[in-house]
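Each chain, written out:
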Amino acid sequence: MKIIVAIGGGEMGRIAKLDDGTEYQTPIETTHIDSLVVRLTNKPHPKVLFIGTATHDRPHYPKVVYKQYVERLGCLSVDALCIETEQLAYEEIRKRVLCSDIIYVGGGDTTHMLKVWKEQKLDKILFEAYEKGIVLAGISAGAICWFDWYDNMDDIEKLDDLALVRGLGFVKDFGVPHYDWLNEKEREKINLLLKEKNIRGVAIDDCAAVVFRGGKMEIISDEKSDKTVRFIP
């Protein structure tokens, strides 16, 4: 069965820094979704492949995913596929992708990520994994990359230049992450663009997700808040 879990955003306990350099651990907010990702494999201890291209393969990110998926949720392993910082042959990349049970794509710069993927033909390998039934999951950039469309602005302050950009097209519509971060003016710009293009938007709040499974769509909301998924315009 083809499965995609698109998570709008949320923290997983990473170490962040304040402006003065003080470090702190962020909350662990997405466990209700991450545990579903694990269950969707129908395996007691699935293997996770983490792809952090959107943050240029930063070494700290896989450690955060490991703590969540292995130490908290009982997965067997988390392997980090670093196609930007390591010289990996196509067949090695393909083997590591297709031997996984879960592919988890991190957040960051969506356009940069897709450019690197296409250069190394990872987009085609991921489609093969999708067809095979490997669970594809991701947060923020790792959520909207699967859609037909996403916006061209990773910096929301530049939303005056909003335009549609082609995603991978594994699922239909226009993906919007962090929708609960947007103010009314920003939301209206997105609504107007989608009305003009006659495209439906799938707007996903932090701590919420949309699951595409066997041709059906399911909304996963945060029961402790009003975080959910909306369809726009």
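Shown above is the structure to which this text applies.
What you see is a predicted model; the values in this text were computed from it and never measured.

Enquirer: Can you break down the state of the cysteines residue by residue, with the values?
Expert: On inspection of all chains with the given rule, the structure shows zero disulfides. With no disulfide partner, Cys207 has as its closest neighbouring cysteine sulfur the one in Cys145, 19 Å distant. We classify Cys207 as buried; its relative accessible area is 4%.

Enquirer: Quick one: what's the story with the environment of His60, residue by residue and with numbers?
Expert: Assignment of secondary structure puts His60 in helix α2 (residues 60-72). Under the relative-accessibility criterion, His60 is labelled partly exposed at 35%.

Enquirer: Provide a residue-level description of the pattern of salt bridges, including the pertinent values.
Expert: Inspection of every chain in the model, using the stated rule, returns 11 salt bridges. Notably, a salt bridge pairs Asp205 with Arg230, separated by 2.7 Å at the nearest N-O pair. Here Asp205, found in the loop between β11 (201-204) and β12 (209-213), pairs with Arg230, found in strand β14 (residues 229-232); they are 25 residues apart in sequence, far enough to count as distant. Its relative accessible area of 27% is what places Arg230 among the partly exposed residues. What you see here is one network of salt bridges that share partners, running through Asp79, Glu92 and Arg96.

Enquirer: How would you summarise unusual backbone geometry if you had to cite specific residues and measurements?
Expert: At the junction of Ile232 and Pro233, the peptide bond is cis and its omega measures out at -5° in the coordinates. Mapping Pro233 onto the fold places it in the segment after β14. Positive phi, close to 60°, is recorded for Asp57, a residue that is not glycine. Among the secondary structure elements, Asp57 is positioned in the loop between β4 (47-51) and α2. The phi torsion at Ser140 lies on the positive side, around 60°, for a residue other than glycine.

Enquirer: Account for the packing of helix α3 (residues 90-98) against helix α5 (residues 122-132), naming residues and giving values.
Expert: Orientation of α3 relative to α5, taken along the N-to-C sense of each, is 30°, at an axis distance of 10 Å. Taken together, α3 and α5 sit at an angle that is classed as roughly parallel. Crossing of α3 against α5: the hand is right-handed. For the pair formed by α3 and α5, the contact residues are Tyr90, Ile93, Arg94, Val97 and Leu98 on the first element and Leu122, Ile125, Leu126, Glu128, Ala129 and Lys132 on the second. Of the residues contributing to the contact of α3 with α5, the split by class is eight nonpolar, no polar and three charged.

Thresholds, definitions, all that
Residues numbered from 1 in each chain as written. Predicted model: local features only at pLDDT ≥ 70, side-chain atom pairs only at ≥ 80, totals over all residues. Heavy atoms only, no water. Disulfide = S-S within 2.5 Å. Buried < 20%, exposed > 50% of the residue type's maximum accessible area, 1.4 Å probe, protein only. Helix = DSSP H or I, 4+ residues; strand = E, 2+ residues; numbered from the N terminus. Salt bridge = Lys/Arg side-chain N within 4 Å of Asp/Glu carboxyl O. Axes fitted to C-alpha atoms, helices over the stretch in contact; angles between N-to-C directions. Parallel < 35°, antiparallel > 145°, perpendicular 65-115°, else oblique. Left-handed = near helix turned anticlockwise from the far one by under 90°. Contact = heavy atoms within 4.5 Å. Nonpolar A, V, L, I, M, F, W, Y, C, P; charged D, E, K, R; others polar.

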